[in-house]
Amino acid sequence: MKKINLVIMMICLGSLLHAQRSDKQIEGLKKEVQEKVVSRSKMAQVMVDKVFSFAELGFQEVETSKYITDILKENGFVIEYGISGVPTAWWAKWGSGSPVIAIGSDIDCIPRASQKPGVAYFDPIVEGAPGHGEGHNAGTPLNIVAVLSVKEIMEREKIPGTLIIWPGVAEELVGTKAYYVRDGYFDDVDLCIFTHVGNNLGVSYGPTSGTGLISVEYTFEGESAHSAGAPWRGKSAADAVELMNIGWQYNREHLDPLGRSHSIITYGGDQPNVVPSKASIWYYFREITYPKIMDMYARANEVAEGAAMMTRTTLSSKILGTAWPRHYNKVIAETMYQNILEVGLPTWSEDDQLLAKALQREVNSPKDSTGLNIKLDTIGLPLVIPSSGGSDDIGDISWKVPTVTLRFPSNIPGLQGHHWSNAIAMATPIAHKGVVAGAQVEAMTILDLLLKPTLVTQAWEYYNVEQMSKQKYTPMVGPADQPAVYLNKGIMDNYAPKLKPYYYDETKYNSYLEQLGITYPTLRKDQLEKINKKP
């Protein structure tokens, strides 16, 4: 059984450690680490606001990665830069011995989601620029605050263990985590804690809602000709793209209702009077299980081959990213949920709730119009009925080592996701409070895992017996596949200079809201009237 020798060693070592620390003493250390997290609230706010201001798309998180790794290096972490051939990816390690706990979160943002924080309607910082419309500016700051707080106690108490902080680069492209797994970065990791923004404090175990996916770009090459003078001599690659697309549209009728597929044409030719000799189309193929993903992918390949035959063009394709369906660990999740119950949700101010209610009405939220959550979620249980939805390449890691994702309450319920509205809360007190609450939960959970070695053993028992006995992990990326690090470069080359004047300067301003001159919250008169209107 995987890791059995390590587990036995940890039990022996952990038994000695646990004999020195009673449950009461461990609870005392967990109370202390909560206080240490709270004492770093200003640090959390600065990091959240700073990363928000960088607003960098996947694979181009240059300023973000430099800023974060500089902080980690100053705090004693050893940094390996450019992991898996990704310039903005890194592996930051501190400590020694077991358990080895890897703590991660995503750092990229969303195209065309630039938005002033704290303003309850569309008002971009830079028109057309990227922005944190998925809230990925908050998770790594949360991890840093939690880990530094735990590190302080580990040093004083001489607690063995290794803490690793790593970034989800280009998560919106599901572009890196499968490569981290393939390249062995998680081979010696015992447990993984991942964080992602949400609108409540939550954690789940077992198969989760959503899908896995494979991201593929198909390129057709033909022969150019004068579009009016000799079109019969051309072989149009653009025709092949269109034929593939319409062929795939007809296939949609026959897909499982839980499947999802979407595409963009990445290159369609140069100008109308030249028959396009080259054209490309990029697909995401999503399904709820690995076999179904691969079946959809195989069907798409057949459609692509047919389009090439009809147009007498040549076909090539490349994988741009992959994400396995997620499966989270019961033991870590149940441990984490007890800490969620202890921490509870933040205390929201009237201004926080006012912003939330105004924004929910602004985007016509179909379900939520009552503001921020004031009641904790229950723990997420394994799905009985599969549910479709989004994907995350943390799925690949969840099939390599016992993993959970902590959802923390830094955003507003009822928003559509991948949208400017999702950026509005992400550099406001809502985000700052949610990060501190999440960091408390994470820090307490890390201490549990360090000081209660039976949890590590039980986590691996669940992984081996309940998870891996039902489905084996087969990577969708092969040895020759490489991360598509060129993606988004042109967009960021255009927008980074325009965003740079708006980078947050924490030496001059107490908050990013202050730097931008925003009164918190900012509402239009009609928005305020709608909220105050009596039924």
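Our structure's up above, just so we're on the same page.
**Quick notes on the overall build of the chain**
- Broken down by element type, the chain carries 16 helices and 12 strands.
- A globule of 535 residues ought to have a C-alpha radius of gyration of about 24 Å, and the chain, at 24 Å, matches this closely.
- Overall, the C-alpha framework of the chain stretches about 85 × 65 × 45 Å when taken along its three principal axes.
- The buried share of the chain, reckoned over its 535 residues, is 59%.

**What about the side chain of Glu287?**
- Checked against the element boundaries, Glu287 lands in strand E9 (residues 278-287).
- Of the buried charged residues, Glu287 lacks a salt bridge, with Lys292 as the closest side chain of opposite charge at 4.8 Å.
- The residues touching Glu287, leaving out its near neighbours within four places in the chain, are Thr211, Gly212, Asp256, Leu258, Gly259, Lys292, Ile293, Met296 and Pro325.

**Focus on the pattern of salt bridges**
- Considering all chains together, one arrives at 26 salt bridges under this definition.
- Of the charged contacts in the structure, one is a salt bridge between Glu32 and Arg156, with a shortest N-O distance of 2.5 Å. Of this pair, Glu32 sits in helix H2 (residues 23-39) while Arg156 sits in helix H5 (residues 139-157); the two residues are 124 residues apart in sequence, bridging distant segments of the chain.
- Overall, Arg156 belongs to the partly exposed group, its relative accessible area being 43%.
- Taking the shortest distance from any N to any O, the salt bridge between Asp352 and Lys433 comes out at 2.6 Å. Note that Asp352 is positioned in helix H10 (residues 350-362) and Lys433 in helix H12 (residues 429-451), a separation of 81 residues in sequence.

**Quick word on unusual backbone geometry**
- Residue Pro99 is reached from Ser98 by a cis peptide bond, and omega for that bond is 0°.
- If you trace the backbone, Pro99 turns up in the loop between strand E2 (90-96) and strand E3 (100-106).
- Backbone geometry at Ala170 places phi at a positive 55°, although glycine is not the residue there.
- The topology assignment puts Ala170 in the loop between strand E4 (161-168) and helix H6 (177-182).
- Unlike most non-glycine residues, Asn364 shows phi in positive territory, near 55°.

**Some remarks on the nonpolar core**
- Counting 152 residues, the largest nonpolar core has Trp166, Phe186, Tyr218, Phe220 and Phe285 as its most contacted members.
- It is H12 that contributes the most residues to this core, 13 residues altogether.
- Sequence-distant contacts of Phe285, that is, excluding residues within four places in its chain, are made with Gly212, Leu213, Ile214, Val216, Tyr218, Trp248, Arg260, Ser261, Ile293, Met296, Tyr297 and Ala300.
- The next biggest cluster of nonpolar side chains, apart from the first, holds 21 residues, and it includes Ala356, Leu359, Leu415 and Leu523.

The rules we used
Residues numbered from 1 in each chain as written. Predicted model: local features only at pLDDT ≥ 70, side-chain atom pairs only at ≥ 80, totals over all residues. Heavy atoms only, no water. Helix = DSSP H or I, 4+ residues; strand = E, 2+ residues; numbered from the N terminus. Rg over C-alpha atoms; globule rule 2.2 N^0.38 Å. Buried < 20%, exposed > 50% of the residue type's maximum accessible area, 1.4 Å probe, protein only. Lys, Arg positive; Asp, Glu negative; His and termini not counted. Salt bridge = Lys/Arg side-chain N within 4 Å of Asp/Glu carboxyl O. Contact = heavy atoms within 4.5 Å. Core = buried A, V, L, I, M, F, W, Y, C linked by side-chain atoms within 4.5 Å.

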